[in-house]
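Each chain, letter by letter, is given below.
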Amino acid sequence: MLSRRNDLGRTDSNNRSALQAFKNSLRLFARREMMFLFWTFLYTGIELSFFSGVYSAAVGFTEKLGPEAKRLVGLCGILVGVGEVFGGFTFGLLGSRTVKKGRDPIVLLGFLCHTVAFYLIFLNLPNSSPIGPTTDIAYIFPPCAGLAMLCAFLLGFGDACFNTQIYSILGGLFADDSAPSFALFRFTQSGAAAVSFFYSSSVPLGIQLGILEFFCLIGSFTFFIVEWEDARKKRDLAFESLIQSPAEEENEERHPEEELR
């Protein structure tokens, strides 16, 4: 009986803690910074589904790439991974510098990498390539395998730019609510990826690239807003501390004089 009561007590405590965590997540989502970052989270989910499933399939379905088209599918995945590792390693080493000088230049670099990749993919692969095997051609004829591999690397590197700075800004802005903030990030990213996977096999490549570029622009801009506001608050705090320190020194100097009097 005692063990059963203890089990029921632990279950009730776990339920209350899970409910409290859910309430904390909702409260955190209502904050201005998180509502802006939501669009950045959304974009990372959409582009995750694109480079992890859609792009490599589109390369494999492009028969004009020749007999090596199917072999390029695996190479695409490898180069996306190389871009991810290279970006993560580089920005991991420069983490302290990016926090001091701002995270927005790295997100801007990710935006430019993805924009260039989307444009080159649009020129290189046919519009029907995500749907199934095709002999159609795009603007570059014949399609260039080397260009397709470059785009795979750019997709991975750009994703590393976004993700490393999202981790950094969440850890900086929501240090006291790190678990709920990362949970909201993962939930939004996974939901966007699931929706994107749902329509990716039936929507032409041009429309998918248009959706990606639209959310890339919105997500980057909203990230910039949060980063600039955080930098402004830090400057204001530093300025206030500079003003207060001379005043405190004057008070300390006057205090001994008053005691002597």
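Residues numbered from 1 in each chain as written. Predicted model: local features only at pLDDT ≥ 70, side-chain atom pairs only at ≥ 80, totals over all residues. Heavy atoms only, no water.

Novice: Help me understand the overall build of the chain, please; the structure alone is not making it clear to me.
Specialist: Counting secondary structure elements, the chain contains eight helices and zero strands. Helices (α) and strands (β) of the chain occur, in sequence order from the N terminus, as α-α-α-α-α-α-α-α. When burial is assessed residue by residue, the chain has 40% of its 261 residues classed as buried. (Helix = DSSP H or I, 4+ residues; strand = E, 2+ residues; numbered from the N terminus. Buried < 20%, exposed > 50% of the residue type's maximum accessible area, 1.4 Å probe, protein only.)

Novice: I keep staring at the pattern of salt bridges and nothing clicks. Help me out?
Specialist: Side-chain pairs of opposite charge can arise where the charged atoms are in close proximity. One pass over the full model with this rule turns up five salt bridges. The closest approach of N and O atoms between Glu33 and Lys233, which form a salt bridge, is 3.4 Å. One end of the pair, Glu33, is in helix H2 (residues 32-61); the other, Lys233, is in helix H8 (residues 205-260), and 200 residues separate them in sequence. Arg103 serves as the salt-bridge partner of Asp230, at 3.9 Å between the closest nitrogen and oxygen. Residue Asp230 is located in helix H8, and its partner Arg103 is located in the loop between helix H4 (95-101) and helix H5 (104-124); the two are separated by 127 residues in the primary sequence. Across this residue pair, the class does not change: Asp230 and Arg103 are buried. One continuous salt-bridge network, built from bridges that share partners, spans Arg31, Glu33 and Lys233. (Salt bridge = Lys/Arg side-chain N within 4 Å of Asp/Glu carboxyl O.)

Novice: Is there a simple way to explain the side chain of Asp104 in this structure?
Specialist: By secondary structure assignment, the location of Asp104 is in helix H5. Although buried, Asp104 forms no salt bridge, and the nearest oppositely charged side chain, Arg103, lies 7.6 Å from it. (Lys, Arg positive; Asp, Glu negative; His and termini not counted.)

Novice: I would appreciate a short explanation of the packing of aromatic side chains in the present structure.
Specialist: Under the definition given, this model contains 15 aromatic pairs. The interplanar angle of 90° and the centroid separation of 6.3 Å between the aromatic rings of Phe50 and Phe118 together place this pair among those described as edge-to-face. Of the two residues, Phe50 sits in helix H2 while Phe118 sits in helix H5, which places them 68 residues apart along the sequence. Given the relative accessible area of 4%, Phe118 is considered buried. On the basis of an interplanar angle of 45° and a centroid distance of 5.8 Å, the ring pair of Phe91 and Phe157 is categorised as tilted. Of this pair, Phe91 sits in helix H3 (residues 69-93) while Phe157 is found in helix H6 (residues 145-173), placing the two residues 66 residues apart along the sequence. The exposure classification of Phe91 matches that of Phe157, with both residues buried. Members of the aromatic cluster, connected to one another through ring pairs, are Phe41, Tyr167, Phe182 and Phe185. (Phe/Tyr/Trp six-rings, centres within 6.5 Å; stacked < 30°, edge-to-face > 60°.)

Novice: Teacher, can you tell me more about the environment of Val82 here?
Specialist: By the secondary structure assignment, Val82 is in helix H3. Take Val82: its relative accessible area is 39%, and that puts it in the partly exposed class.

Novice: Help me understand the state of the cysteines in this model?
Specialist: One way to say it: the disulfide is the covalent bond shared by the sulfur atoms of two cysteines. The final tally for this structure, using the stated rule, is zero disulfides. As a non-bridged cysteine, Cys144 has Cys151 as the owner of its nearest cysteine sulfur, 9.2 Å distant. According to the relative accessible area criterion, Cys144 is partly exposed, its value standing at 34%. Left without a disulfide partner, Cys216 is nearest to the cysteine sulfur of Cys113, which lies 10.0 Å away. Residue Cys216 is classed as buried on the basis of its relative accessible area, which comes to 0%. (Disulfide = S-S within 2.5 Å.)

Novice: Quick question: what am I supposed to make of a nonpolar patch on the surface here?
Specialist: A cluster of nonpolar side chains, contributed by Leu75, Ile78 and Val82, occupies part of the molecular surface with about 240 Å² of accessible area. Here Ile78 is to be found in helix H3. (Patch = residues over 30% accessible without salt bridge, like charges linked within 9 Å, V, L, I, M, F, W, Y side chains within 5 Å. Areas by Shrake-Rupley, 256 points an atom, 1.4 Å probe, with all protein chains shown as cover.)

Novice: Help me out: how do you make sense of the environment of Gly102 in this one?
Specialist: Mapped onto the secondary structure, Gly102 falls in the loop between H4 and H5. Note: C-alpha distance between Gly102 and Trp228 (126 residues apart in sequence) is 8.5 Å.

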